[in-house]
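Tertiary structure, described
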Amino acid sequence: MSEVISVIGAGTMGSGIAITAASAGIEVCQVDVSSDQLERAKQYHAKTLARNVEKERMTADEAEATKARLSYCDSHARAAESSFAIEAATENADIKKKIFGAMASTYPADCILATNTSSISISEIGSGVGDAADRVIGMHFFNPVPVMKLVEVIKSPATSEDTLARTIALSERMGKTPIPANDFPGFVSNRVLMPMINEAFHAWNDGVAGPEEIDGIMKLGCAFPMGPLRLADLIGLDVCRDIMLVLHEGLGHPDKYAPCTKLVELVEAGHLGNKTGKGVYDYSS
Ligand code: NAD
């Protein structure tokens, strides 16, 4: 019998995690409260599989089999069969805590409860799950999930060695390279990356240079594949703002970690980057 996992949240990351797992032979129940988001995820999966066939990365039969392993649900429909529940919902501690409370009472007693949070404390997300705390872990994938190799695996003081070992095994089965880190705000990746992105907004805001120049200088000068402002659009400006807030609240140092007003203004205007067609740059054409 093939392994079944549930992926809660069908946005940028959840839809990427779902297709990566399904491509690795795992059955996936993609869960979201929004039927529009479930439909968008389904279309993204169909498009990705068609492109994989066109580029001869998989055969048409393999694409059909992958599609058949994906289901789309507005409830935890396959909870009883799931070995993993991977939460990839909006980066908000209250939303995630509520989802984890529901996961702890809905999924079986040996199911790993993983979160794809970019920055929120794993202990805090798991604070309402009672005896299930040893099965709570961070499984931080990177965007775009089918392409990026890293999974930052975050262990809280309550996470068991068995949970860590099973999470490493699932990551490897999905073709990823898991690297462990401890439970601090932003972990390793976003503690280092986000202040750099935020500083690029400050440089733009202060008039040091425009976005094209800032990105051009960082790309060529640091051998980055894309500049920090272009990367912020890809990640989602709301996600970047939220991560800065978590660093600010968790680590203090407002001068270092408060989100730049330029970033906050774009988010408040609804310009969230690639996902809304406009962020730092305009993607409408
Ligand atoms: P997104 O806004 O694209 O998607 C979030 C999804 O969560 C939406 O579809 C929303 O309907 C759903 N959702 C909200 N409340 C829910 C609930 N109660 N139950 C089920 N679904 C619910 O966000 P995203 O960019 O995919 O980010 C998701 C998570 O992944 C966040 O924790 C984020 O920090 C993390 N992350 C994001 C990136 C990135 O580059 N975007 C990278 C790594 C990690």
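Residues numbered from 1 in each chain as written. Predicted model: local features only at pLDDT ≥ 70, side-chain atom pairs only at ≥ 80, totals over all residues. Heavy atoms only, no water.

With respect to unusual backbone geometry
For residues besides glycine, phi is generally negative; the peptide bonds are generally trans as well. In this chain, N143 is followed by P144 through a cis amide linkage whose omega measures 0°. Relative to the elements of secondary structure, P144 occurs in the loop between strand 6 (136-141) and strand 7 (150-155). Backbone geometry places E56, a non-glycine residue, at a positive phi of 60°. Among the secondary structure elements, E56 is positioned in the loop between helix 2 (35-54) and helix 3 (60-68). A relative accessible area of 72% places E56 in the exposed class. (Helix = DSSP H or I, 4+ residues; strand = E, 2+ residues; numbered from the N terminus. Buried < 20%, exposed > 50% of the residue type's maximum accessible area, 1.4 Å probe, protein only.)

Things to note about the environment of A133
Position of A133 relative to the elements: it lies in the loop between helix 5 (122-125) and strand 6. On the basis of relative accessibility, which here comes to 24%, the residue A133 falls in the partly exposed class. A133 sits 24 residues away from P157 along the chain, and the two C-alpha atoms are 9.5 Å apart. In this structure, A133 is in contact with A158 and T159, ignoring residues within four places of it in sequence. (Contact = heavy atoms within 4.5 Å.)

Things to note about the pairing of strand 4 (residues 82-87)
Burial within strand 4 is extensive, with six of its six residues counted as buried. Two strands pair when backbone bridges link them, and strand 4 and strand 5 (residues 112-115) are joined in this way by four bridges, in the parallel orientation. Bridge pairing in strand 5 places F84 opposite I112. Chirality of the crossover, the property in question, places the unit of strand 4, helix 4 (residues 93-106) and strand 5 among those that are right-handed. (Pairing = 2+ DSSP bridges. Right-handed = clockwise from strand over helix to strand, strands pointing away.)

Some points on the packing of aromatic side chains
The full count for this structure, using the stated rule, is one aromatic pair. Centre to centre, the rings of F201 and W204 are 6.2 Å apart; their planes meet at 40°, and the pair counts as tilted. Note that F201 and W204 are positioned in helix 7 (residues 189-205) at a spacing of three residues, about one turn of the helix. This pair shows no difference in class: F201 is buried, exactly as W204 is. The ring of W204 is capped by K262, whose NZ or CZ atom sits 4.4 Å from the centre of that ring. (Phe/Tyr/Trp six-rings, centres within 6.5 Å; stacked < 30°, edge-to-face > 60°. Lys NZ or Arg CZ within 6 Å of the ring centre and 35° of its normal.)

Description of the packing of helix 7 against helix 9 (residues 228-235)
Two quantities define a packed helix pair, namely the angle between the axes and the distance from one axis to the other. Running from N to C, helix 7 and helix 9 cross one another at 115°; their axes reach a closest spacing of 9 Å. Put simply, helix 7 runs roughly perpendicular to helix 9. Of the two possible hands of crossing, helix 7 and helix 9 adopt the one that is left-handed. Packed against helix 7, whose contacting residues are L193, M194, M196, I197, A200 and F201, the element helix 9 presents P228, L229, L231, A232 and I235 at the interface. In the contact of helix 7 with helix 9, the residues fall into eleven nonpolar, no polar and no charged. (Axes fitted to C-alpha atoms, helices over the stretch in contact; angles between N-to-C directions. Parallel < 35°, antiparallel > 145°, perpendicular 65-115°, else oblique. Left-handed = near helix turned anticlockwise from the far one by under 90°. Nonpolar A, V, L, I, M, F, W, Y, C, P; charged D, E, K, R; others polar.)

A short note on the pairing of strand 1 (residues 4-8)
Most of strand 1 sits inside the fold, with five of its five residues counted as buried. Here strand 1 pairs with strand 2 (residues 27-31) via five bridges, running parallel. Looking at the pairing, I5 lines up with V28 of strand 2. In the classification by handedness, the crossover that spans strand 1, the intervening helix 1 (residues 12-23) and the parallel strand 2 is right-handed. Looking at chain direction, strand 1 and strand 4 are connected through five bridges and run parallel.

Thoughts on the packing of helix 9 against helix 10 (residues 237-251)
Taken N-terminus to C-terminus, the directions of helix 9 and helix 10 make an angle of 100°; their axes are 6 Å apart at the nearest point. Overall, the two elements helix 9 and helix 10 adopt an arrangement that is roughly perpendicular. For the pair helix 9 and helix 10, contact is made by A232, D233 and I235 and by L237, V239 and C240, respectively. Classifying every residue of the contact of helix 9 with helix 10 gives five nonpolar, no polar and one charged.

Structural notes on the sheet that holds strand 8 (residues 177-182)
Reading across from one edge, 3-2-1-4-5-6-7-8 is the order of the eight strands in this open sheet, with mixed pairing throughout. Each edge of the open sheet carries a strand with a single partner, namely strand 3 (70-73) and strand 8. Ignoring which end each strand starts from, the neighbouring axes of this sheet average 25° apart. Sheet topology places strand 2 next to strand 3; four bridges connect them, and they run parallel. Bridging from a neighbouring strand, V31 pairs with C73 of strand 3.

Some words on the domain arrangement of the protein
Here the protein is described as being made up of domain 1 (4-182) and domain 2 (190-276). Listed by partner, the interface residues are seven residues for domain 1 and eight residues for domain 2. Summing both sides of the interface, domain 1 and domain 2 together bury roughly 600 Å²; the carbon and sulfur share of this comes to 57%. Area buried by domain 1 at its contact with domain 2 is led by E91, S119 and N143, which between them contribute 57% of it. Run the count over domain 1 and domain 2 and you get zero salt bridges. Linking domain 1 to domain 2 there are two residue pairs in polar contact (both at pLDDT 80 or more). Taken together, the residues of the side of domain 1 that touches domain 2 break down into one nonpolar, five polar and one charged. (Domains from an automatic or database assignment. Buried area = accessible area lost by both parts, 1.4 Å probe. Salt bridge = Lys/Arg side-chain N within 4 Å of Asp/Glu carboxyl O. Polar contact = N/O pair within 3.5 Å; in protein donor to acceptor, adjacent residues only side chain to side chain.)

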